[in-house]
Amino acid sequence: MTQITISEVGPRDGLQSVETILSTEGKLAWIEAEYGAGVREIEVGSFVSPKLLPQMADTAAVVKGALRHKDLVIAVLVPNLRGCEAALEASAHKISIPLSLSETHSIKNVRRDHAQMLEEIAACQALVDQVPEADRPDFEVGLSTAFGCTIEGAVEESFVIDMAERVLGLGVAQVGLSDTTGMGNPAQLERLVTGIWQRCGEPHLTGVHLHNTRGQGLANALRAVELGITTLDSSLGGLGGCPFAPGASGNIVTEDLVFMLESMGYNTGIDLEALLSVRQDVAKLLPEEEWFGFTAAAGLPKHFGDVPLQEAS
Ligand code: ZN
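This structure is a prediction, so every number in the text was calculated from the model and none was measured. (Residues numbered from 1 in each chain as written. Predicted model: local features only at pLDDT ≥ 70, side-chain atom pairs only at ≥ 80, totals over all residues. Heavy atoms only, no water.)

**A word on the side chain of Asp179**
Assignment of secondary structure puts Asp179 in the loop between β6 (174–178) and α8 (186–200). No salt bridge is formed by the buried Asp179, whose closest oppositely charged neighbour, Arg214, lies at an N-O distance of 6.8 Å. Within the structure, the side chain of Asp179 is placed 3.0 Å from the backbone nitrogen of Met183, a separation counted as a polar contact. Engagement of the side chain of Asp179 in a polar contact is seen with the backbone nitrogen of Gly184, the distance being 2.8 Å. Not counting the four nearest positions on each side in its chain, Asp179 is found in contact with Phe147, Gly184, His209, Leu210, His211 and Asn220. (Helix = DSSP H or I, 4+ residues; strand = E, 2+ residues; numbered from the N terminus. Buried < 20%, exposed > 50% of the residue type's maximum accessible area, 1.4 Å probe, protein only. Lys, Arg positive; Asp, Glu negative; His and termini not counted. Salt bridge = Lys/Arg side-chain N within 4 Å of Asp/Glu carboxyl O. Polar contact = N/O pair within 3.5 Å; in protein donor to acceptor, adjacent residues only side chain to side chain. Contact = heavy atoms within 4.5 Å.)

**A word on the coordination of the zinc ion**
Taken together, Asp13 (OD), His209 (NE2) and His211 (NE2) make up the full set of protein donors to the zinc ion, lying 2.0 to 2.1 Å away. In primary sequence terms, the donor set of the zinc ion follows D-x195-H-x1-H. (Donors = N, O, S within 2.8 Å, 3.2 Å for Na, K, Ca; no water.)

**A word on unusual backbone geometry**
One non-glycine residue, Arg111, lies in positive phi territory at about 55 degrees. One can find Arg111 in the loop between α5 (103–110) and α6 (114–129). Judged by relative accessible area, Arg111 falls into the exposed class, the value being 64%. A positive phi angle is found at Thr145, which is not glycine, with a value near 50 degrees. Within the element layout of this structure, Thr145 appears in the loop between β5 (138–144) and α7 (157–169). The class of Thr145 is buried, set by a relative accessible area of 0%.

**Structural notes on the sheet that holds β5**
If you walk around this closed barrel you meet the 8 strands as β1-β2-β3-β4-β5-β6-β7-β8, and the pairing is parallel. Here the average twist between neighbouring strands, direction ignored, is 30 degrees. One ladder, built from 3 bridges, connects strand β7 (residues 207–209) with strand β8 (residues 231–234); its direction is parallel. Each residue of the ladder has a partner; that of Val208, found in β8, is Leu232. Where helix α10 (residues 254–264) meets the sheet, its contacts fall on β1 (5–8) and β8, and the angle it forms with β1 comes to roughly 175 degrees. (Pairing = 2+ DSSP bridges. Axes fitted to C-alpha atoms, helices over the stretch in contact; angles between N-to-C directions.)

Set out below in structure tokens:
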């Protein structure tokens, strides 16, 4: 059975996009509950300036609390070298740094152009390399706004592939593709994934980060897993929404993604019934926020969990 890793990003991508500041205890309760439902990779926060994102001010404490589970991969986002230092200090297992392919977006978001970002990435990689191999976290560059930018519009596909190659040329082992703005479609996703694979080799791109802003999230996720992508980011209840499109979901909804994959015969290791009850509990912690997803509203069909009619290849 093909194994797919679902990386829950709600405590980071979701929480950083909403007004509510969830307490450290609340975040740890969320992480604990998802772990109980079988989730084994969670992006728990980001090491950014607390002035910019007060929601993320307690990330070090959240990582520390989550470390009690030995088989949980604790991922964090960092915008720069300083964040990377903090992530290493906290002993996170996986560190991602976003590189916005739209230079205007990059300058606006992290006040760095592409040349400066590539320098920062090289410095982070050098720092990560100093950690003894047994304890060294995975370091990944997320190619954000890869499917289009709210400011610049279209992002050239050949440029996405060129930048993936440049990043990997710095000694980085992994790049990820991020549809930050929810503009992607399955054909575009296929061109970008296969383009990077052909130029750089398949092992260097194994994960995608998709948003459901225009309802294409699951279609894109399906194309990704059929191509052979093995890690998908998603967020419980699609938390986060989209600041530019009221009523639109944020990341793809973890519950709906698990439903699709498990029904098809992929193995996510997640107990969907348990996950749906996690959703109810976490929703109570965030009563002001909007929750998305169809599976929670409709419930599981009676035959869900029976042996799938056909195993996914
Ligand atoms: Zn995102």
